[in-house]
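Observations on chain architecture
Below are the chains, spelled out letter by letter.
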Amino acid sequence: MKTYIGLILLIVLQVSCKSDSLSDKEIKVHTIKGKEIGQAVLTKLGGSLMQQMKSGGVKKALPFCNVAAIPLTKELSRTHNVTIKRTSHKLRNQNNKPNLEEESILKQYLASISKGEKIKPIVKKGQNGKVHFYAPMKLNNKCLACHGNVSKQTDSIIKSLYPNDKATGFKDGDLRGILSVTFND
Ligand code: HEC
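Cut-off values and rules
- Residues numbered from 1 in each chain as written.
- Predicted model: local features only at pLDDT ≥ 70, side-chain atom pairs only at ≥ 80, totals over all residues.
- Heavy atoms only, no water.
- Pairing = 2+ DSSP bridges.
- Helix = DSSP H or I, 4+ residues; strand = E, 2+ residues; numbered from the N terminus.
- Salt bridge = Lys/Arg side-chain N within 4 Å of Asp/Glu carboxyl O.
- Buried < 20%, exposed > 50% of the residue type's maximum accessible area, 1.4 Å probe, protein only.
- Axes fitted to C-alpha atoms, helices over the stretch in contact; angles between N-to-C directions.
- Parallel < 35°, antiparallel > 145°, perpendicular 65-115°, else oblique.
- Left-handed = near helix turned anticlockwise from the far one by under 90°.
- Contact = heavy atoms within 4.5 Å.
- Nonpolar A, V, L, I, M, F, W, Y, C, P; charged D, E, K, R; others polar.
- Donors = N, O, S within 2.8 Å, 3.2 Å for Na, K, Ca; no water.
- Near = heavy atom within 4 Å.
- Polar contact = N/O pair within 3.5 Å; in protein donor to acceptor, adjacent residues only side chain to side chain.
- Expected span 1.5 Å × (residues − 1).
- Bend = angle between axes of the 7 residues up to and from the residue.

A few words on the pairing of strand S3 (residues 131-138). Summarising the sheet, strand S2 (residues 122-125) and S3 pair through four bridges and their orientation is antiparallel. In the sheet register, Lys124 faces S3, and the bridge partner there is His132. Taking the residues that link successive antiparallel strands as the turn, the S2-S3 hairpin has five residues, and the phi of Gly129 there is positive, at about 80 degrees. Bridging between S3 and strand S4 (residues 175-183) involves seven bridges; their strand directions are antiparallel. What sits directly across from Met137, in S4, is Gly177.

We now examine the pattern of salt bridges. Under the criterion given, the structure shown has four salt bridges. Among the salt bridges present, the one from Lys44 reaches Glu75, with a minimum N-O distance of 3.0 Å. The exposure class assigned to Lys44 is partly exposed, which follows from its relative accessible area of 29%. Glu75 gets classed as partly exposed once you look at its relative accessible area, which sits at 36%. Note that Asp165 and Arg92 form a salt bridge whose closest N and O atoms lie 2.7 Å from each other. Separated by 73 residues along the polypeptide, Asp165 in the loop between helix H5 (152-161) and S4 and Arg92 in the loop between strand S1 (82-87) and helix H3 (100-114) bring together distant segments of the chain. Classification of Asp165 as buried rests on a relative accessible area of 10%. By relative accessible area, which is 11% here, Arg92 ends up buried.

A few words now on the packing of helix H2 (residues 24-80) against H5. Relative orientation of the contacting elements H2 and H5 amounts to 20 degrees, with a least axis distance of 10 Å. Here H2 lies roughly parallel to H5, going by the angle between them. Here H2 and H5 pass one another in a crossing that is right-handed. Only Gln153, Thr154, Ile157, Ile158 and Leu161 of H5 make contact with H2, whose side of the interface consists of Val58, Lys59, Leu62, Pro63 and Asn66. Each residue belonging to the contact of H2 with H5 can be placed in one class, and the counts come to six nonpolar, three polar and one charged.

Here the focus is the coordination of the iron atom of the ligand. Exactly one donor from the protein chain reaches the iron atom of the ligand: His147 (NE2), at 2.2 Å. Note that His147 resides in helix H4 (residues 144-147).

If you check the shell around the ligand, you find 22 residues, and the closest are Arg92, Cys143, Cys146, His147 and Tyr162. Between the ligand and the protein, one listed contact pairs a nitrogen atom with a side-chain N or O atom of His147 at 2.9 Å. Taking Arg176, its side chain carries an N or O atom lying 2.8 Å from an oxygen atom of the ligand. Within the shell around the ligand, the residues separate by chemical class into twelve nonpolar, four polar and six charged.

This paragraph deals with H2. For H2, built from 57 residues, the straight-helix expectation of 84 Å at 1.5 Å per residue is missed by more than 12%, its first-to-last C-alpha distance being only 22 Å. Considering bend angle alone, the principal kink of H2 is centred on Gly57 and spans about 135 degrees. Asn81 sits one or two positions beyond H2 and adopts a positive phi of about 55 degrees.

Everything listed here is a matter of geometry and, on its own, says nothing about what the molecule does.
Shown next as structure tokens:
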């Protein structure tokens, strides 16, 4: 009888531990899905942004980002049955503010960068029991017109849209923030 109870306890314990951590397969599957969604975000946001830049420069593209970035991300979230967010340690839009889990991922990435380590996407179960995918978002030279050492004119447009902007002064290759994807199922 005792061994029986012991065995049952062991099984219960194992099952409850399992529910907190993800199997290798779950990590793999969500890494692939997360990367696909990241690519879709780049194509959708980046594509529209470059179109705006071409037709009217930073002056047109900045206000476009201001109204379109969040709705475009929401639209992609619905298509993929996930919640997509872009967030940062140096925010432009306060509506993109990191939650505690995202803050700790940002800190982890920044610490790794300062040690010269490579940073990779992270898949983990969150406090809400859902699976999360996080990926670093680095800047390239296409981003610098709005996030680098910007011109006076650009700066005044940014400040008019985002009085508390912290997202300029970056260099090519810097960590701009993270993509945070929460899977609904
Ligand atoms: C035309 C100007 C422009 C360019 C070019 C641009 N951004 Fe942005 N970026 C913005 C604006 C405006 C916002 C705020 C959007 C909003 O209101 O949600 C923003 C927000 C962000 C955010 C969300 C976090 C925050 O601080 O609010 C990230 C991450 C980001 N940009 C990364 C990039 C990267 C990476 C590139 C290059 C691939 C890039 N941006 C190119 C204007 C730009």
